[in-house]
Amino acid sequence: MYMCHRLEGIAKSSFLELQTYDPSPLSLLSVTLPANHHSPISLTPPPQPKGPKPIRFPPDSFNPLSNLSKNPIFGGEMAALHLISALVLSLFLQIQRSALMVDAAIGVNWGTLSSHRLQPSIVVDLMKENKISKVKLFDADPTVLRALAGSGIQVMVGIPNDMLGILGSSPATSDLWVTQNVSRYMVKGGVNIGYIAVGNEPFLTSYQGQYQSLVLPAMLNLQQSLTKANLAGYVKLVVPCNADAYQSASLPSQGAFRPELTQIMTQLVSFLNSNGSPFVVNIYPFLSLYQSSDFPQDYAFFGGSSHPVVDGPNVYYNAFDGNFDTLVAALTKIGFGQIPIAIGEVGWPTDGAPSANLSAARAFNQGLISHVWSNKGTPLRPGVPPADVYLFSLLDEEQKSILPGNFERHWGIFSFDGQAKYPLVLGVGHGGLKNAENVQYLPSRWCVANPSQDLGGVANHMKLACSVADCTTLLYGGSCNAIGEKGNISYAFNSYYQLQKQDARSCDFDGLGMITFLDPSIGDCRFLVGISDSSCSCIGCGIFVGLWIMSFWVLMYLRILGSL
């Protein structure tokens, strides 16, 4: 089945609730699913998140003057009062919805698993030129954070999963982490750190529970550390979750967290809610299409589907809304149906699979952006789009693992060198994507197969080249899959050659390779030229030059002393 969940019971509350923290009329009726999902549905009200106490009216006394409306003398006035009350309530709900959307933005994920890394300052300038106001990182790389200082871009710094244990068991380590990776940058003219991502998809099924018990202790210690640093009011903790944290069956309304996660998710979401943090989820319709031949292709995009999912009064025409509302239903079942939801990762790759190409990526990402900015929301959250949406990703990363698929290295809206792959408008008032400037490339030369040599023994050389460099575009579904045997050899050779910064020895391959100054790119198959890291504007190079100069003068001083 390509959609999620079926509603098995309907519960009606004997009270209507007006919750001052809750902008959606959907909160007026709530269903609580017990921990044992096979037992009858409880009709007791769900546990309420911290916040203003709900004002509860029995249905017959919703309007304290309702009995007067039955009097013919006051009937007209009471009808007017009813109308005014309804208008005021509607206005209140609209104001609350608007409050949820004030800080919403289209941001990006900035990963750095690449051998062809742009200087961080160039990447920051790229984001500023494209009016990207929010960025999500997967670690707290000092060179990246220093480059972001003074940019005004809101940053979500990341904590890797393998650090959760020590952060949760040692308050001192947590204090040190906050000091080194947050406090030191949050000064005047510094980095605008708004969130800390505690782990990355720690509840992923494939981890087999490895990190489940480590998340909350780490969050508690980190919250205390932020409080000590007087940053708790500025920096929020979040946990980016994979969509497999909640179950999928057939209809969104049946959404529920995996049974083994129900208790921990209730505790986690209660923590997020009490601290004003959104629930962050990663949603990938591409993966649904990639993993299932039965998945309707048009349902993955935003242009309407000939296979809509009908869920009671709600109709879903795209997978994103269906997945989003499955989460809304799951959150509702644990009593937090109105917590803000942010999309930590969403996107479409451009290579490495038959359905991964430039036109599909453009159609999905532009459709997503238009959908978010339309403020339509989803059937379960009408008029309320996600709090934030972080596109995955800003740049290609050719060193990512390809265990999920060859497409993993091709998610960027920009190629590794900051060049836009396709036209994309990121929002209202934005033009098309602008390319990175001041990129310093290696010389325009390539390594290709030597046409005068017998290539019969090239297999081991190709295996070596592709074990280090990226050759995923040569494989099935890739943009270079049809360039022929010699083309494949040349592509592999060149990828390795550029990875080695065009070291002439890396193009030897026992005489089977040769250097050329003619671009060997074929059609859509681009033979790359690497990025130079020799610029002295980079920190590492500056340190190297400084040490070299200091060493030079030390030697000169010693020679002078020796000559005296």
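Quantities reported herein were computed from a predicted structural model and do not represent experimental measurements.

Enquirer: What is the right way to read the environment of Leu-327 from this model?
Expert: In this structure, Leu-327 sits in helix H9 (residues 319–333). Along the primary structure Leu-327 and Ser-253 are separated by 74 residues, whereas in three dimensions their C-alpha atoms are 9.0 Å apart. Among residues more than four places away in sequence, those in contact with Leu-327 are Tyr-246, Phe-257, Phe-279, Val-281 and Ile-341.

Enquirer: Sorry if this is basic, but what is going on with a nonpolar patch on the surface here?
Expert: A grouping of Val-310, Val-315 and Tyr-317 is seen on the molecular surface, where their side chains present a nonpolar patch of about 260 Å² in accessible area. Position of Val-310 among the secondary structure elements: in strand E12 (residues 309–311). For Val-310, a relative accessible area of 53% gives the class exposed.

Enquirer: Please clarify how the state of the cysteines should be interpreted in this entry.
Expert: By definition, a disulfide links the sulfur atoms of two cysteine residues through a covalent bond. Tallied over the full model, the rule gives three disulfides. One disulfide bridge connects Cys-447 with Cys-507, the sulfur atoms lying 2.0 Å from each other. Across the S-S bond linking Cys-447 and Cys-507, the dihedral sits near 90°, which makes this disulfide right-handed. One end of the pair, Cys-447, is in strand E18 (residues 446–449); the other, Cys-507, is in the loop between helix H12 (484–499) and strand E19 (513–516), with 60 residues separating them in the sequence. The disulfide partner of Cys-466 is Cys-471, and the S-S distance across this bridge is 2.1 Å. Around the S-S axis, the bridge from Cys-466 to Cys-471 shows a dihedral of about -85° and counts as left-handed. Take Cys-466: its relative accessible area is 29%, and that puts it in the partly exposed class.

Enquirer: Is there a simple way to explain the sheet that holds strand E5 (residues 154–159) in this structure?
Expert: The pairing of strands in a sheet happens through backbone hydrogen bonds and is either parallel or antiparallel. Sheet architecture is open: nine strands sit in the order E7-E6-E5-E4-E3-E17-E14-E11-E8, paired in parallel fashion. One side of each edge strand has no neighbouring strand; the edge strands of this open sheet are strand E7 (236–238) and strand E8 (241–242). Bridging between strand E14 (residues 341–346) and strand E17 (residues 389–391) involves two bridges; their strand directions are parallel. Bridged to Val-346 within E17 is Leu-391. On the sheet, helix H10 (residues 358–373) packs against strand E3 (106–110), E14 and E17 and is oriented at approximately 165° with respect to E17.

Enquirer: What am I meant to see in the nonpolar core here?
Expert: Here is a general trend for soluble globular proteins: nonpolar side chains tend to be buried in one another's company. If you look at the biggest cluster of nonpolar residues, it comprises 108 residues, and the most contacted ones within it are Trp-110, Met-127, Leu-148, Trp-177, Ile-196, Phe-257 and Phe-279. Residue contributions to this core peak at seven residues, all from H9. Ignoring sequence-local partners within four residues, the contact set of Leu-148 consists of Trp-110, Val-124, Met-127, Val-135, Leu-137, Ile-153, Val-155, Gly-190 and Val-191. With 26 residues, the next largest nonpolar core counts Cys-447, Tyr-496, Leu-512 and Val-529 among its residues.

Enquirer: What is the right way to look at empty space enclosed by the protein in this model?
Expert: If you roll a probe as big as a water molecule over the atoms, it shows you where there is empty space left. One pass over the structure, following the stated rule, counts seven cavities of 30 Å³ or more. For the largest cavity, the calculated volume is near 90 Å³. Residue lining of the largest cavity: Trp-110, Gly-111, Thr-112, Ser-114, His-116, Arg-117, Leu-118, Val-123, Leu-395, Asp-396, Glu-397 and Phe-416, and that is the complete set. By residue class, the composition of the lining of the largest cavity is five nonpolar, four polar and three charged.

Enquirer: Help me understand the environment of Leu-474 in this model?
Expert: Summarising the element assignment, Leu-474 is placed in the loop between helix H11 (459–468) and H12. Residue Leu-474 is classed as buried on the basis of its relative accessible area, which comes to 10%. As for Leu-474 and Asp-351, which are separated by 123 residues in sequence, their C-alpha atoms are 9.9 Å apart. In this view, Leu-474 contacts Cys-480, Asn-481, Ile-483, Asn-488, Tyr-491 and Ala-492; residues no more than four positions away in its chain are not counted.

Enquirer: Help me out: how do you make sense of the packing of helix H5 (residues 171–181) against helix H6 (residues 215–228) in this one?
Expert: Relative placement of two packed helices is described by the angle separating their axes and the distance separating the axes. Orientation of H5 relative to H6, taken along the N-to-C sense of each, is 55°, at an axis distance of 9 Å. For the element pair H5 / H6, the angle class is oblique. Along this stretch, H5 crosses H6, giving a crossing that reads as right-handed. Contacts between H5 and H6 pair Pro-171, Ser-174, Asp-175, Trp-177 and Val-178 from the former with Asn-221, Leu-222, Ser-225, Leu-226 and Lys-228 from the latter. Of the residues contributing to the contact of H5 with H6, the split by class is five nonpolar, three polar and two charged.

Enquirer: Any chance you could explain the packing of H6 against helix H7 (residues 262–274) here in plain terms?
Expert: Where H6 contacts H7, the axes come no closer than 11 Å and their chain directions differ by 15°. Put simply, H6 runs roughly parallel to H7. Regarding H6 and H7, the two cross each other, and that crossing is left-handed. For the pair H6 and H7, the contacting residues are Leu-216, Met-219, Leu-220 and Gln-223 in the first and Ile-264, Gln-267, Leu-268, Phe-271 and Leu-272 in the second. Tallied by class, residues from the contact of H6 with H7 come to seven nonpolar, two polar and no charged.

Enquirer: What am I meant to see in the side chain of Ser-277 here?
Expert: With respect to the secondary-structure elements, Ser-277 resides in the loop between H7 and strand E11 (279–282). The class for Ser-277 is buried, based on a relative accessible area of 3%. A polar contact of 3.0 Å, which involves the side chain of Ser-277, links it to the backbone oxygen of Leu-237. In this structure, Ser-277 is in contact with Lys-236, Leu-237, Val-238, Leu-272 and Ile-339, ignoring residues within four places of it in sequence.

Enquirer: Can you help me understand the pattern of salt bridges in this one?
Expert: One side chain can pair with another of opposite charge once the charged atoms of both are near each other. In total, this model carries twelve salt bridges according to the counting rule given. The partner of Arg-526 in a salt bridge is Asp-417, with the nearest N and O atoms 2.8 Å apart. Residue Arg-526 is located in the loop between E19 and helix H13 (539–563), and its partner Asp-417 is located in the loop between E17 and E18; the two are separated by 109 residues in the primary sequence. Take Asp-417: its relative accessible area is 0%, and that puts it in the buried class. Taking the shortest distance from any N to any O, the salt bridge between Arg-505 and Asp-503 comes out at 2.9 Å.

Rules used throughout
Residues numbered from 1 in each chain as written. Predicted model: local features only at pLDDT ≥ 70, side-chain atom pairs only at ≥ 80, totals over all residues. Heavy atoms only, no water. Helix = DSSP H or I, 4+ residues; strand = E, 2+ residues; numbered from the N terminus. Contact = heavy atoms within 4.5 Å. Patch = residues over 30% accessible without salt bridge, like charges linked within 9 Å, V, L, I, M, F, W, Y side chains within 5 Å. Areas by Shrake-Rupley, 256 points an atom, 1.4 Å probe, with all protein chains shown as cover. Salt bridge = Lys/Arg side-chain N within 4 Å of Asp/Glu carboxyl O. Buried < 20%, exposed > 50% of the residue type's maximum accessible area, 1.4 Å probe, protein only. Disulfide = S-S within 2.5 Å. Pairing = 2+ DSSP bridges. Axes fitted to C-alpha atoms, helices over the stretch in contact; angles between N-to-C directions. Core = buried A, V, L, I, M, F, W, Y, C linked by side-chain atoms within 4.5 Å. 1 Å grid on protein atoms, 1.4 Å probe; cavity = no way out; pocket = protein on both sides within 12 Å on 5 of 7 lines; lining within 4 Å. Points joined across faces, edges and corners; volume = space filled by probe spheres on them. Nonpolar A, V, L, I, M, F, W, Y, C, P; charged D, E, K, R; others polar. Parallel < 35°, antiparallel > 145°, perpendicular 65-115°, else oblique. Left-handed = near helix turned anticlockwise from the far one by under 90°. Polar contact = N/O pair within 3.5 Å; in protein donor to acceptor, adjacent residues only side chain to side chain.

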